[in-house]
Amino acid sequence: MKLYLAGPDVFRTDAREWAAAARALCQLFGHDALVPLDSDAHDAAGIYTANIAMIRAADAVLANLAEFRGAEPDSGTAFEVGFAIALGKPVIGYLPTNEPLADRITRHCGPLTQDDGGLLDGSGLRVEQFGLPLNLMLAVPARIVVGDLSVALGALPRQPAGG
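Residues numbered from 1 in each chain as written. Predicted model: local features only at pLDDT ≥ 70, side-chain atom pairs only at ≥ 80, totals over all residues. Heavy atoms only, no water.

Colleague: Residue-level account of the nonpolar core, with values.
Modeller: If you look at the biggest cluster of nonpolar residues, it comprises 21 residues, and the most contacted ones within it are Leu3, Leu5, Leu62 and Leu156. Of all elements in the fold, only strand S1 (2–6), helix H1 (15–28), strand S3 (60–64), strand S4 (91–95) and helix H6 (149–154) reach the threshold of two or more residues within this core. Here this core gets five residues from one element, more than from any other, and that element is H1. Leave out the neighbours within four places in its chain, and leucine 156 touches Met1, Leu3, His31, Ala60, Leu62 and Ile92. Counting residues in each nonpolar core, the second largest holds 19 residues, with Tyr4, Ala58, Val91 and Leu95 among its members. (Core = buried A, V, L, I, M, F, W, Y, C linked by side-chain atoms within 4.5 Å. Buried < 20%, exposed > 50% of the residue type's maximum accessible area, 1.4 Å probe, protein only. Helix = DSSP H or I, 4+ residues; strand = E, 2+ residues; numbered from the N terminus. Contact = heavy atoms within 4.5 Å.)

So, in structure tokens, the structure goes:
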């Protein structure tokens, strides 16, 4: 299968080395990796267009949904997951832990309070209480696994959607 590798890993200072290792790991599992760094585009619109084309060409998306600059996953990755789901592609999201979202928000943003409607963050905004490790809009449609890229690769369906 062709796998689009979504996630904030492209922002690492060693992103090229990470991409080479990720490609090699995918090959060990018998798959080809499509990495956002594969594009020659250097402007925002070109990068967006190239990434969309790679998601369209992929049989599935593996998404690093770990915390990025706060309690939530990278916003670009969240978009890519939603786009892939809309196309009917299988999405495997991977996280380092299965920590519930409310606990993660507490760790990043401070103690939560409670009113008659449930939990509130420090800004007075409601916090989901489904026990999921991510917002329901990511956790429900994607298959979420705890671990790294190798765990996500092991969780792939045997055949691509419709295959």
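There is more to say, and it comes next.
Colleague: Could you give an account of the pairing of S3, with specific residues and numbers?
Modeller: Of all five residues making up S3, five are buried, and the element is well covered by its neighbours. Here S3 shows no split at all, with Ala60, Leu62 and Asn64 on one side and Val61 and Ala63 on the other all buried. Where S1 and S3 come together, four bridges link them in parallel fashion. Opposite leucine 3, over in S3, you have alanine 60 as the bridge partner. In the sheet, S3 pairs with S4 via four bridges, with the strands oriented parallel. Residue pairing in the sheet places asparagine 64 in a bridge with tyrosine 94 of S4. Between the parallel elements S3 and S4, the chain passes through helix H3 (residues 75–86) in a crossover that is right-handed. (Pairing = 2+ DSSP bridges. Right-handed = clockwise from strand over helix to strand, strands pointing away.)

Colleague: Account for the packing of aromatic side chains, with residues named and values stated.
Modeller: Taken as a whole, this structure holds three aromatic pairs when the rule is applied. With centroids separated by 6.3 Å and ring planes inclined at 45°, the aromatic side chains of tyrosine 48 and phenylalanine 79 adopt a geometry described as tilted. Of the two residues, tyrosine 48 sits in helix H2 (residues 44–57) while phenylalanine 79 sits in helix H3, which places them 31 residues apart along the sequence. Since its relative accessible area comes to 48%, tyrosine 48 is described here as partly exposed. What makes phenylalanine 79 partly exposed here is its relative accessible area of 43%. Aromatic pair phenylalanine 79 and phenylalanine 83: ring centres 6.2 Å apart, planes at 10°, arrangement stacked. With phenylalanine 79 and phenylalanine 83 both in helix H3, this residue pair falls four residues apart, about one helical turn. A relative accessible area of 17% places phenylalanine 83 in the buried class. Feature note: the residues Tyr48, Phe79 and Phe83 constitute an aromatic cluster, connected by ring pairs. Seen from the ring of phenylalanine 11, arginine 69 lies directly overhead, with NZ or CZ sitting 5.4 Å from the centre. (Phe/Tyr/Trp six-rings, centres within 6.5 Å; stacked < 30°, edge-to-face > 60°. Lys NZ or Arg CZ within 6 Å of the ring centre and 35° of its normal.)

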